[in-house]
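# Descriptive analysis of the structure
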Amino acid sequence: MNRIAFFLFTIILYCSSKNVASFHHERPSLATTTMIPILNLRPPNQNEMEANPITSFFDNFNFGKVVETEEVRLKRLKREVLAELEEKEIERAIQVNEDAIPYLLLLALQFLPLIGSDRIESIVYFWGVAVATVYVGGRQVSLLKSEKIEPENALYAPVAASVSIGLLYVLIKAGFNPTGLYAFLVSAFGVIAISDIGVPILRNILPEKFAKSKVQVPNKVSEFLGVGDEDLPLDSVTTLILGIGCTVAYWSPFAMEQKFLVSNFIAWALGMTSLGAISLGSFQTALVLLAGLFCYDIFWVFGTDVMMTVATKVEAPVKFLYTAPPTVSGEPRSYPFSVLGLGDVVIPGLFVRFMSKIDSALQPQKFSYFGAATFAYAAGLSLCFGVNEMTHAGQPALLYLDPACIGSALAVGVANGQLPELWTFEEERDGEENL
């Protein structure tokens, strides 16, 4: 989530003192808070009682003792949350600056359709976007603590995915087109994703004062967002408007061939946000998830027409598109795009990002787990495109990507002499440190 979403989070701080108490760290100095006198009854100190029992008795009633009011405490907590968010935003902007080259590559690839729509251009586009996204997504800094996938959730993920895609397939075959509702929900999440992922990028493009500027909003808007009389950050407002603008453009009455790059941008933002919001938790959980989805992808692509039907009939920004050339006979294709599913980027991308956490924890001396996994993803995707080119048939990308990523991790673990540590690696469960 971005800072606009966190303004909504502050409503919780104002509505529930029970929840607010869990975020209390330390009492602020008396000079920086509003104080009121209270009657504070404390247990008598044994030494004081022995020294002067009468004085100690009256000392138990401390007139003039001051503490901050509940309202001031809530406002202080809100300022602390926003300050922490700003520190994270600075870290995110620094990381984007360090990864400027792959971000510029992603931008340059968006001009590739101007060169041509032949098969080679589509392969270069998909390969470049996917590999660059996995790389920068694996290195990005997240505002929130990532949500860990539990082993049982990883085990049942292929079942849930099968039910979802099966339901869409049944609706299509029954004559009901779920595209409208599905695309609306996805594009709505796309607004949030763009407003989140766009802040650190804009901070590297626009002057420094842009990050510090505020925008005054009407009282009704301020009350709706729960920010009181505070102004909204200009960068968050700008990226929110950008997200809304992209969604409006996506729903504009133009053919998808004229706006597929907008769809790709929304899909990219969703992918980047997903990579930052989800963590695999442990290496064994990662193996369970990738192995299950490996089987899922193979079955639905090779065993049925379900995957291809849903991919071409349900139009929503959950895939990367590139205009396909006409057939050899010159006839237009029934579906005018080549497709790379967003899951083929996010699922192995989560594993690659997890490898960066293993690098931080295990400190390998010879080879980087993250670097090896990124290279393995690029190689696996190249192999997938090569087989697709030879067979002229749709390929389950996870058939090539999952073994490549997992194999790279195991190989690096052996080379570094850390295979036992890798196999049992699990992230620390520190998500409740503030409770």
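### Some details on the overall build of the protein
- Helix and strand content of the protein: 19 helices and 8 strands.
- Of all intrachain contacts in the protein linking residues separated by at least 6 positions in sequence, the fraction that spans at least 24 positions is 77%.

### Topic: the nonpolar core
- Counting 87 residues, the largest nonpolar core has F283, F320, F351, M355, I358 and Y377 as the members making the most contacts within it.
- If one sorts the elements of this core by residue count, helix α16 (residues 343-362) sits on top with 10 residues.
- Setting aside chain neighbours within four positions, we find F320 in contact with F126, V129, N264, A267, W268, S338, V339, L340, L342 and V345.

### Overview of the packing of aromatic side chains
- All told, the structure shown has 13 aromatic pairs when counted by the stated rule.
- Aromatic side chains F299 and W300 sit 4.9 Å apart centroid to centroid with 75° between the ring planes, which places their arrangement in the edge-to-face category.
- A cation sits over an aromatic face here: K259 above Y250, 5.7 Å from the ring centre.

### Re the confidence of the model for the protein
- When pLDDT is averaged across the protein, the result is 82; 79% of the residues are at 70 or more.
- For the stretch residues 1-42, pLDDT sits under 50, and the model shows 106 contacts to residues farther than four places along the chain or on other chains.

### A word on the layout of surface pockets
- The calculated volume of the second largest pocket comes to roughly 750 Å³.
- Taken together, 25 residues line the second largest pocket, and the ones lying closest to its centre are Y103, L107, I201, F265 and W268.
- At the level of elements, α5 (70-98), α6 (100-109), α7 (119-139), α9 (179-203) and α13 (256-277) are the ones that each hand at least two residues to the lining of the second largest pocket.
- Looking at the lining of the second largest pocket, its residues break down into 19 nonpolar, 5 polar and 1 charged.

### What about the pattern of salt bridges?
- Counted by the stated rule, this structure contains 10 salt bridges.
- A salt bridge links E208 to K212, with the shortest nitrogen-to-oxygen separation between them at 3.5 Å. With E208 and K212 both in helix α10 (residues 208-212), this residue pair falls 4 residues apart, about one helical turn.
- Salt-bridge contacts for K357 lead to E427; the nearest nitrogen and oxygen are separated by 3.4 Å. Of this pair, K357 sits in helix α16 while E427 sits in the segment after α19 (419-423); the two residues are 70 residues apart in sequence, bridging distant segments of the chain.

### A closer look at a nonpolar patch on the surface
- A cluster of nonpolar side chains, namely L155, Y156, V159, V163 and V288, defines an oily patch on the protein surface of about 480 Å² accessible area.
- Counting residues per element, the nonpolar patch draws most heavily on helix α8 (residues 151-173), which supplies 4 residues.
- The topology assignment puts Y156 in helix α8.

### Overview of empty space enclosed by the protein
- By the definition in use, this model includes 1 cavity of 30 Å³ or more.
- Every residue along the wall of the largest cavity is listed here: R92, Q95, V96, D99, Y103, V136, Q140, V141, I197, P200 and I201.
- Elements supplying a minimum of two residues to the lining of the largest cavity: α5 and α9.
- Each residue belonging to the lining of the largest cavity can be placed in one class, and the counts come to 7 nonpolar, 2 polar and 2 charged.

### Here's the deal with the packing of α8 against helix α15 (residues 306-313)
- For the pair α8 and α15, the least separation of the axes is 10 Å and the interaxial angle reads 70°. By the angle between their directions, the pair α8 and α15 is classed as roughly perpendicular. For the pair α8 and α15, the sense of crossing is left-handed. Together, I165, L168, Y169 and I172 of α8 and V306, M307, T309, V310 and K313 of α15 make up the contact between the two elements.
- Residues of the contact of α8 with α15, tallied by class, amount to 7 nonpolar, 1 polar and 1 charged.

### Looking at unusual backbone geometry
- The residue Q363 is not glycine, and still its phi comes out positive at about 50°.
- Examined against the element boundaries, Q363 turns out to sit in the loop between α16 and α17 (369-391).
- Looking at Q363, the relative accessible area reads 49%, which means it is partly exposed.
- Although it is not a glycine, H392 adopts a positive phi angle of roughly 55°.
- Mapped onto the secondary structure, H392 falls in the loop between α17 and α18 (398-415).
- The class of H392 is exposed, set by a relative accessible area of 67%.

### Examining the packing of α7 against α16
- Running from amino to carboxyl end, α7 crosses α16 at an angle of 40°, the nearest separation of the two axes being 8 Å. The angle between the axes of α7 and α16 places the two elements in the oblique class. The chirality of how α7 crosses α16 is right-handed. Residues A130, T133, V134, G137, G138 and R139 of α7 lie in contact with α16, whose contacting residues are V345, G349, V352, R353 and S356.

### Topic: α13
- Taking 1.5 Å of rise per residue, 22 residues should cover 32 Å, and α13 covers 29 Å from first to last C-alpha, within 8% of that figure.
- Of all the bends found along α13, the most pronounced is centred on V262 and spans about 25°.

### Things to note about the environment of E421
- Relative to the helices and strands, E421 is located in helix α19.
- For E421 and F283, which are 138 residues apart along the polypeptide, the C-alpha to C-alpha distance reads 9.8 Å.

Rules and cut-offs
- Note that residues are indexed from 1 along each chain, following the sequence as it is written.
- Residue-level local features of this predicted model are given only where pLDDT is at least 70; pairs of side-chain atoms are given and counted only at 80 or more, and the full residue set underlies all totals for whole chains, interfaces and linings.
- Water and hydrogen atoms play no part in the side-chain values, which are based on all heavy atoms of the structure.
- Here a helix means four or more residues in a row that DSSP labels H or I, a strand means two or more in a row labelled E, and each is numbered from the N terminus.
- Any two residues whose heavy atoms approach within 4.5 Å are treated as being in contact.
- Side-chain atoms within 4.5 Å are what join buried Ala, Val, Leu, Ile, Met, Phe, Trp, Tyr and Cys residues into a set we call a nonpolar core.
- Accessibility here uses a 1.4 Å probe with only protein chains present; expressed as a share of the type maximum, an area under 20% marks a residue as buried, one over 50% as exposed, and anything in between as partly exposed.
- Any pair of Phe, Tyr and Trp rings, taking the six-membered ring for Trp, is counted once the centres come within 6.5 Å. Such a pair is stacked with planes under 30 degrees apart, edge-to-face with planes over 60 apart, and tilted for the rest.
- Ring-over charges, as used throughout, are those where CZ of Arg or NZ of Lys falls within 6 Å of the ring centre and within 35 degrees of the ring normal.
- Note: pLDDT gives the predictor's confidence per residue, expressed from 0 to 100.
- The rule is simple: put a 1 Å grid over the protein atoms alone, call a set of points where a 1.4 Å probe fits but cannot get out a cavity, call an open set with protein on both sides within 12 Å along at least five of seven lines a pocket, and count a residue as lining if it has an atom within 4 Å of a point.
- Grid points are joined across faces, edges and corners, and a volume is the space filled by probe spheres set on the points.
- Three classes are used, and their members are as follows: Ala, Val, Leu, Ile, Met, Phe, Trp, Tyr, Cys and Pro are nonpolar, Asp, Glu, Lys and Arg are charged, and the others, Gly among them, are polar.
- Between Lys or Arg on one side and Asp or Glu on the other, a salt bridge is scored when a side-chain nitrogen of the former is within 4 Å of a carboxyl oxygen of the latter.
- Distance thresholds for patches are 9 Å for like charges and 5 Å for nonpolar side chains (Val, Leu, Ile, Met, Phe, Trp, Tyr), applied to residues having over 30% relative accessible area and no salt bridge.
- Residue exposure ignores everything except the shown protein chains as possible cover, and the areas themselves are Shrake-Rupley values with a 1.4 Å probe.
- In this analysis, axes come from line fits to C-alpha atoms, helices being fitted only over the stretch in contact, and the angle between any two N-to-C directions falls in the range 0 to 180 degrees.
- Each angle receives one of four descriptions, namely roughly parallel if under 35 degrees, roughly antiparallel if over 145, roughly perpendicular if within 65 to 115, and oblique otherwise.
- Crossing handedness follows the turn of the near helix against the far one: under a right angle anticlockwise gives a left-handed crossing, and clockwise gives a right-handed one.
- To estimate the expected span of a helix, count its residues, drop one, and scale the result by 1.5 Å.
- The reported bend at a residue is simply the angle between two axes, fitted to the 7 residues ending at it and to the 7 residues beginning with it.

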